[in-house]
Amino acid sequence: MPYLQAPAATSMTINWISETDEPGTISLSGPGLGKSGKQSSAPQYLDLMEYTRAELDQQIEGLEQGSWLKSNSNYKHSVTFQGLLPGKSYNYTVTQSGETHSAAFKTAPKGGAWKNVRIIAFSDSETEPRGRTEHREWELSPVNVYTADSIQRPGAGSKWDQQFGMTTRNGEPTLRYPLDQSTAFNENLKHIEAADPDLVMMAGDLTQGSGYQPAWDEFFGHVAGEHSDLASSVPLLPALGNWETYAALNGGYGTETDLDPGSHFPPAGFGIPVGKDRATRL
């Protein structure tokens, strides 16, 4: 599905991914457009989105091998509309290979002419295919631990343990969350959409390793795919976290394959020099 980037008072960039090199079209309707409301895309092949051998061979407990993989041929389309009016609503339809998706967005207001703006900020979605079945550790802070009037969490052998299980973290027994990661992210997104934000900001760690393509597939499935189309109507601005410099099963930290947040985001990347020209599908 399409997703918004580079939001401004008078412009908006709309990106999407296709499996073929066929140009797509996008029709935009709203105030101030005149005859400039329709554009064609110039698809660019993204070799960084090709799966590695390790990704193709990966096995995840509880999932059919390879069931989480998408297309291994990906073309990015990016269209920018200029000359829009501040604080106005626009409708658009993307047509690609016979399929269409329609959504709407609102441009930013003028800097000195706005009454209110709603921004939702969060971080650490850390998506990956394993998150469909994994219940992460509900870790108790090793620094703050319990306050004087805290009720202690259930322990080993408790009903919580029997239903959701426990693990070990930093040498201590640790509860697991009651929801798997994918379900929890979807529930959070429902609340975000219900709040009708003007902008969503993510303070890093979007995926469980930026150099691990299946993690990006999961992320966009949540925000611009099978689970929701939030990013089709609300711009998402990300920042780099430590997981954005991690290649997961392809290499770890500090390797060439770990710096791939750039195939998915616009040329400005994450807004800092290291992020320039490194963007992912959002």
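Just so you know, the residues in each chain are numbered from 1, in the order the chain's sequence is written. Note on the predicted model: pLDDT of at least 70 is required for a residue's local features to be given, and 80 or more for side-chain atom pairs to be given and counted; whole-chain, interface and lining totals, by contrast, use all residues. Think of the side-chain values as coming from all heavy atoms in the structure, minus any hydrogens and water.

In this section: the sheet that holds strand β3 (residues 25–29). When DSSP locates at least two bridges between a pair of strands, those strands are taken to pair. Only DSSP runs of H or I with at least four residues qualify as helices, and only runs of E with at least two residues qualify as strands; both kinds are numbered from the N terminus onward. Taken in spatial order, the 4 strands of this open sheet run β4-β3-β7-β8, and their pairing is antiparallel. Every interior strand has two partners, whereas the edge strands, β4 (38–40) and β8 (99–106), have only one. Sheet twist, expressed as the mean angle between neighbouring strand axes with direction ignored, is 20°. Every angle, taken between N-to-C directions, lies between 0 and 180 degrees, and every axis is a line fitted to C-alpha atoms, over only the stretch in contact when it is a helix.

The next subject is the packing of helix α3 (residues 181–194) against helix α4 (residues 213–223). Packed helices, taken two at a time, are described by the angle their axes make and the gap between the axes. Their axes nearest at 10 Å, the elements α3 and α4 cross at an angle of 35°. Seen along the crossing, α3 lies across α4 with a hand that is right-handed. Within the contact between the two elements, α3 uses S182, F185, N186 and L189 and α4 uses F219, H222 and V223. Its residues assigned to classes, the contact of α3 with α4 comprises 4 nonpolar, 3 polar and no charged. Put simply, a crossing is left-handed when the front helix is turned counterclockwise from the back one by less than a right angle, and right-handed when it is turned clockwise. The contact rule is simple, with two residues in contact once any of their heavy atoms fall within 4.5 Å. Residue polarity follows a fixed list, in which Ala, Val, Leu, Ile, Met, Phe, Trp, Tyr, Cys and Pro are nonpolar, Asp, Glu, Lys and Arg are charged, and the others, Gly among them, are polar.

This part is about the sheet that holds strand β11 (residues 166–169). The strand order across the open sheet formed by 3 strands is β10-β12-β11, and the pairing between neighbours is antiparallel. This sheet does not close on itself; its edge strands, each paired only once, are β10 (137–138) and β11. The pairing of β11 with strand β12 (residues 172–176) spans 4 bridges and is antiparallel. The partner of R169 across the bridge, within β12, is E172.

Attention shifts here to the pairing of β8. As a general feature of sheets, a regular strand has side chains that alternate between the two faces. Alignment of strand β7 (residues 89–96) against β8, held across 8 bridges, turns out to be antiparallel. Across the sheet, residue T93 finds its bridge partner in β8, namely S102.

A separate point is the environment of A247. For A247, the position within the fold is in the segment after β14 (236–238). Counting along the chain gives 36 residues from A247 to G211, while the straight-line C-alpha distance between them is 3.9 Å.

The subject of this paragraph is the packing of aromatic side chains. The pairing test for Phe, Tyr and Trp rings, Trp by its six-membered ring, is centres within 6.5 Å, and the orientation test on the planes gives stacked under 30 degrees, edge-to-face over 60, and tilted for anything in between. All told, the structure shown has 12 aromatic pairs when counted by the stated rule. Any Lys NZ or Arg CZ that is within 6 Å of a ring centre and within 35 degrees of that ring's normal is treated as a charge sitting over the ring. When the ring centre of W138 is taken as reference, the NZ or CZ atom of R153 above it lies at 4.1 Å.

The next subject is the confidence of the model for the chain. The share of residues in the chain with pLDDT of 70 or more is 89%, and the mean pLDDT across the chain is 87. With pLDDT under 50 throughout, residues 267–282 is counted as low confidence; its partners more than four residues away or in other chains account for 55 contacts. The pLDDT value expresses, per residue, how confident the predictor is, ranging between 0 and 100.

For an α-helix, 3.6 residues make a turn, and residues three or four places apart therefore share a direction. Burial within α4 is extensive, with 11 of its 11 residues counted as buried. Exposure classes here rest on a 1.4 Å probe applied to the protein chains alone. A residue is buried below 20% of its type maximum, exposed above 50%, and partly exposed in between. Those residues of α4 that fall on the buried side of the exposure criterion are Q213, P214, A215, W216, D217, E218, F219, F220, G221, H222 and V223.

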